[in-house]
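Chain and residue survey
The lines below spell out each chain.
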Amino acid sequence: MYIEEELKRLTKNISSNEMMNKILKAYLKELKRDEFYDIEQEYWVSKRILNSNLTSKQNNFLKTIENLFSENMKYSVEFGFKRGIYAGFKQFFTSENTKAFFDKSVCDELLTMPHMKKHTEYYNRQIEINQLSDRLMEDLEKEYQEHVITIYCTYDEKNYGVLRYAFYMGYRYALVVIEDINPFGVMDIADKILNMEHSLGFTMTYRDRERQELRKSFRFV
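Everything numeric here is computed off the predicted structure, so don't read it as measured data.

1. Side note on the pattern of salt bridges
Within the structure shown, the criterion is met by 10 salt bridges. The salt bridge partner of E5 is K8, with a shortest N-O separation of 3.9 Å. A residue pair is termed a helical-turn pair when its members lie 3 or 4 positions apart in one helix, as E5 and K8 do in helix α1 (residues 3-14) at three residues. Taking relative accessible area as the criterion, E5 reaches 41% and is therefore assigned partly exposed. Owing to a relative accessible area of 48%, K8 belongs among the partly exposed residues under this scheme. Between R9 and E6 there is a salt bridge; the shortest N-O distance is 2.7 Å.

As structure tokens, this is what we get:
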């Protein structure tokens, strides 16, 4: 047995299509619940319109763009999960403030330039996505350009959601390991856990919960 190969195989399972789809489903459910709109519905409206009005070549461009986005989302699952594990152990073993860890060490690292260039596969796919999108938009009327933008933005938003959930899964995995070995270890960093979950938007203050309920009540008035 080659340990390095076995570790790679385990990591590969984390970014499987099945896991990505589970994470994506959870994110979309949360988005629909909290933001009061369904990005999937907007996506499918634009998708149907484009499929009916684009040429075969243009539809192939669109299909390639979507496939490349999906590959990058799979990359985001593995990337976010690993960073989440690191963040959990860092909270436990150091006194360093990790409240902004997701923004600085995950989003800035993978989603912004120039750091994105360090992740060659992800970066190259993103460049190809942008180039194909530009070529597709060139020959389209404004009405159809807007639908291409909708699809692009939908995938962009999904990628962020997948990255966020994958990071939190890795973070929770680290807490499970800590608790298995040191049953009181997680209790000792409860304040850090709450700060992390609040920074990720998974936990709200009582004030935020009240305001959310008020917004929902106004929506149905």
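2. Notes on helix α6 (residues 120-138)
Here α6 spans 27 Å end to end across 19 residues, near enough to the 27 Å set by a 1.5 Å rise per residue. The set of residues buried in α6 consists of Y122, Y123, R125, Q126, I129, L132, S133, L136 and M137.

3. Considering the packing of aromatic side chains
One pass over the full model with this rule turns up 17 aromatic pairs. Ring geometry for Y43 versus W44: centroids 4.9 Å apart, planes at 75°, classification edge-to-face. Judged by its relative accessible area of 5%, Y43 is buried. A centroid spacing of 5.9 Å and a plane angle of 35° characterise the contact between Y86 and F101, whose relative ring orientation is tilted. Here Y86, found in helix α4 (residues 56-93), pairs with F101, found in helix α5 (residues 101-111); they are 15 residues apart in sequence, far enough to count as distant. You can call Y86 partly exposed: its relative accessible area is 48%. A relative accessible area of 8% means that F101 is categorised as buried. Members of the aromatic cluster, joined through ring pairs, are Y27, Y165, Y168, Y171 and F202. Positioned above the aromatic ring of Y155 is the side chain of K158, whose terminal nitrogen or guanidinium carbon lies 5.1 Å from the ring centre. Lying over the aromatic face of F202, R164 brings its terminal NZ or CZ to 4.2 Å of the ring centre.

4. Overview of the layout of surface pockets
Considered as a void within the structure, the second largest pocket measures approximately 310 Å³ in volume. Lining the second largest pocket are 14 residues, and of these K12, S15, K74, Y75 and E78 sit closest to its centre. Among the elements of the structure, α1, α4 and α6 are those that each provide at least two residues to the lining of the second largest pocket. The greatest single-element share of the lining of the second largest pocket, amounting to seven residues, is contributed by α4.

5. Let's talk about the confidence of the model for the protein chain
For the protein chain, the mean per-residue pLDDT works out to 90, and 95% of the residues sit at or above 70. For the protein chain, per-element mean pLDDT is lowest for helix α10 (residues 206-219), which scores 72, and highest for α6, which scores 96.

6. Observations regarding the state of the cysteines
Considering all chains together, one arrives at zero disulfides under this definition. In this model C107 remains outside any disulfide bridge; the closest cysteine sulfur is found in C153, 17 Å from its own. A relative accessible area of 9% means that C107 is categorised as buried.

7. A word on the packing of helix α7 (residues 142-181) against helix α9 (residues 190-200)
Between α7 and α9, the shortest axis-to-axis distance is 11 Å and the interhelical angle comes to 170°. On the basis of the axis angle, α7 is roughly antiparallel to α9. Across the interface between the two elements, R164, F167, Y168, Y171 and L175 from α7 touch K192, I193, M196, E197 and L200 from α9.

Calculation rules
Residues numbered from 1 in each chain as written. Predicted model: local features only at pLDDT ≥ 70, side-chain atom pairs only at ≥ 80, totals over all residues. Heavy atoms only, no water. Salt bridge = Lys/Arg side-chain N within 4 Å of Asp/Glu carboxyl O. Helix = DSSP H or I, 4+ residues; strand = E, 2+ residues; numbered from the N terminus. Buried < 20%, exposed > 50% of the residue type's maximum accessible area, 1.4 Å probe, protein only. Expected span 1.5 Å × (residues − 1). Phe/Tyr/Trp six-rings, centres within 6.5 Å; stacked < 30°, edge-to-face > 60°. Lys NZ or Arg CZ within 6 Å of the ring centre and 35° of its normal. 1 Å grid on protein atoms, 1.4 Å probe; cavity = no way out; pocket = protein on both sides within 12 Å on 5 of 7 lines; lining within 4 Å. Points joined across faces, edges and corners; volume = space filled by probe spheres on them. pLDDT = per-residue confidence, 0-100. Disulfide = S-S within 2.5 Å. Axes fitted to C-alpha atoms, helices over the stretch in contact; angles between N-to-C directions. Parallel < 35°, antiparallel > 145°, perpendicular 65-115°, else oblique. Contact = heavy atoms within 4.5 Å.

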